[in-house]
Amino acid sequence: MMKRRFVGGVTAIGFTAAVFGGVLAPAPGRSQDAVTSRFDPRDFRAPVGSNGWQPLTPGLQLVTRGFVNVGDRRLPHIRVYTVTDVTKKIDGVRAVVVLDQDIDGGQISEQALDFVAVDRKGNVWNVGSYTESYEGGQFVNALDGWLGGVRGASPGILVPAHPTVGTPPYYEGKVPGREAPIAQVFKTDQSTCVPFRCFKRVVVIQDGDEHKYFAPGVGGIRTEPLGSGGPQESENLINVRQLRPGALAAITAETLKLDKHARSTVADVFSRSAPAEQKR
């Protein structure tokens, strides 16, 4: 799953500026330019805000078809992104748990739990994540595991409440000893077509060496790489649906299972965290 933000090396971009639609915006690759957003649990108390470009409706499921270039090969995969009805208390905030699955050749190759929360202003925060890899349907190892407030890690913003071109780049979270991912709003009010359908009022965010497209009322609809060199991944939305209760129940069970497994695979981070629980 190429999107894991805290796995691998530097996320910096090899150029300092890019021009989009006549607007010159600095590339979010230099940590000295990035803003650390203030995280305060009091900002997440009722009434909770909402973000039109990153909906967190339980049962909302997005399916994207992706390709990654590895050498001369172009390898396909399917990504299934589901907002669950599971929550977890992290750093004083009750976060929504998103199950993010990569399917290669009909089998799960990676599964991730993304822990996200929306503050009263509508900013979507990244407050933790956990990722597992599989081969032949069998667990191999944990690739990533961190929680805000644990072992020096701190949350960051994923999608601002009011995306605006020209605002400073921002950290998506910080984990000691790892390169902190940086993002920045590059375009707003765009019209974009993907295999599912065409969208208006799309926001484009540069996240490391990728452009990510967010459509109102839906969420992420496209990911495309910048530059060249190394594995280049692209994704496009092919389906959106609202899961029925039975299908959501299966997702809930898998999500709770993964959160429980994290207690043994990444014990130094998850063992003392509050267990995830289904929202009633």
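The numbers attached to residues start from 1 for each chain and follow its sequence in the written order. Reporting of local features is limited, given that this is a predicted model, to residues whose pLDDT is at least 70; pairs of side-chain atoms are given and counted only at 80 or more, and all residues count toward the totals for whole chains, interfaces and linings. As a rule here, side-chain values come from all non-hydrogen atoms in the structure, and water together with hydrogens is ignored.

A. Focus on the nonpolar core. Among buried residues, the Ala, Val, Leu, Ile, Met, Phe, Trp, Tyr and Cys ones that are joined through side-chain atoms within 4.5 Å form a nonpolar core. Remark: exposure states derive from per-residue accessible area (1.4 Å probe, protein chains only) relative to the maximum for the residue type, with buried under 20%, exposed over 50%, and partly exposed in between. Within the largest apolar cluster, 54 residues are counted, with the highest numbers of intra-cluster contacts made by Phe115, Phe199, Ile205, Ile221 and Phe270. Secondary structure follows DSSP: runs of H or I at least 4 residues long count as helices, runs of E at least 2 residues long count as strands, and numbering of each begins at the N terminus. At 6 residues, the largest contribution of residues to this core is made by strand β5 (residues 93-104). By definition, residues are in contact when any of their heavy atoms lie within 4.5 Å. Ignoring any residue separated from it by four or fewer positions in sequence, one finds Phe199 in contact with Gln190, Ser191, Thr192, Val194, Ala215, Val218, Ile221 and Leu237.

B. Highlighting the packing of aromatic side chains. Working definition: a ring pair exists when centres of Phe, Tyr or Trp rings (six-membered ring for Trp) sit within 6.5 Å. Plane angles under 30 degrees give stacked, over 60 give edge-to-face, the rest tilted. According to the stated counting rule, one finds 6 aromatic pairs in the structure shown. A ring pair is formed by Phe44 and Trp125, whose centres lie 6.1 Å apart and whose planes are at 70 degrees; its orientation type is edge-to-face. Taken together, the residues Phe44 in the loop between β2 (23-26) and β3 (60-70) and Trp125 in strand β7 (residues 124-135) connect sequence positions 81 residues apart. We note that Phe44, like Trp125, is buried. Centroid distance Phe115 to Phe270: 6.3 Å. Interplanar angle 45 degrees. Geometry classified as tilted. Of this pair, Phe115 sits in strand β6 (residues 107-118) while Phe270 sits in helix α2 (residues 267-270), and the two are 155 residues apart along the sequence. The pair Phe115 / Phe270 is uniform in exposure class, with both members buried. One aromatic cluster in this structure is built from Phe39, Phe44 and Trp125. A ring has a charge above it when a Lys NZ or an Arg CZ is no more than 6 Å from the ring centre and no more than 35 degrees off the ring normal. A cation over a ring is seen here: Lys174 above Tyr171, with NZ or CZ 4.1 Å from the ring centre.

C. Representation of the pattern of salt bridges. Throughout this description, the term salt bridge denotes a Lys or Arg side-chain nitrogen within 4 Å of a carboxyl oxygen of Asp or Glu. Applying the stated rule across the entire model yields 12 salt bridges. Where Asp43 meets Arg120, a salt bridge forms, and the shortest distance between an N and an O atom there is 4.0 Å. Taken together, the residues Asp43 in the loop between β2 and β3 and Arg120 in the loop between β6 and β7 connect sequence positions 77 residues apart. In this structure Arg120 comes out as partly exposed when scored by relative accessible area, which is 42%. Its salt-bridge partner being Glu277, residue Arg94 comes within 3.5 Å of it at the nearest N-O pair. Here the residue Arg94 occupies a position in strand β5, and Glu277 occupies one in strand β17 (residues 277-278), the gap between them amounting to 183 residues. The class of Arg94 is partly exposed, set by a relative accessible area of 42%. Under the relative-accessibility criterion, Glu277 is labelled partly exposed at 41%. Several salt bridges converge on common partners, so that one network encompasses Arg38, Asp40, Arg42, Asp43 and Arg120.

D. Summary view of the pairing of strand β13 (residues 198-207). Within β13, 7 of the 10 residues are buried, which leaves the element mostly enclosed by the surrounding structure. Direction of pairing for strand β12 (residues 182-193) relative to β13: antiparallel, over a ladder of 7 bridges. Bridged to Thr192 within β13 is Phe199. For two strands to count as paired, DSSP must find a minimum of two bridges between them. Taking the residues that link successive antiparallel strands as the turn, the β12-β13 hairpin has 4 residues. Bridge count between β13 and strand β14 (residues 210-215): 5 bridges; the pairing is antiparallel. Across the sheet, Val203 pairs through a bridge with Phe214, a residue of β14. Hairpin connection between β13 and β14: a loop of 2 residues separates the two successive antiparallel strands, and Gly208 in this loop has a positive phi of roughly 65 degrees.

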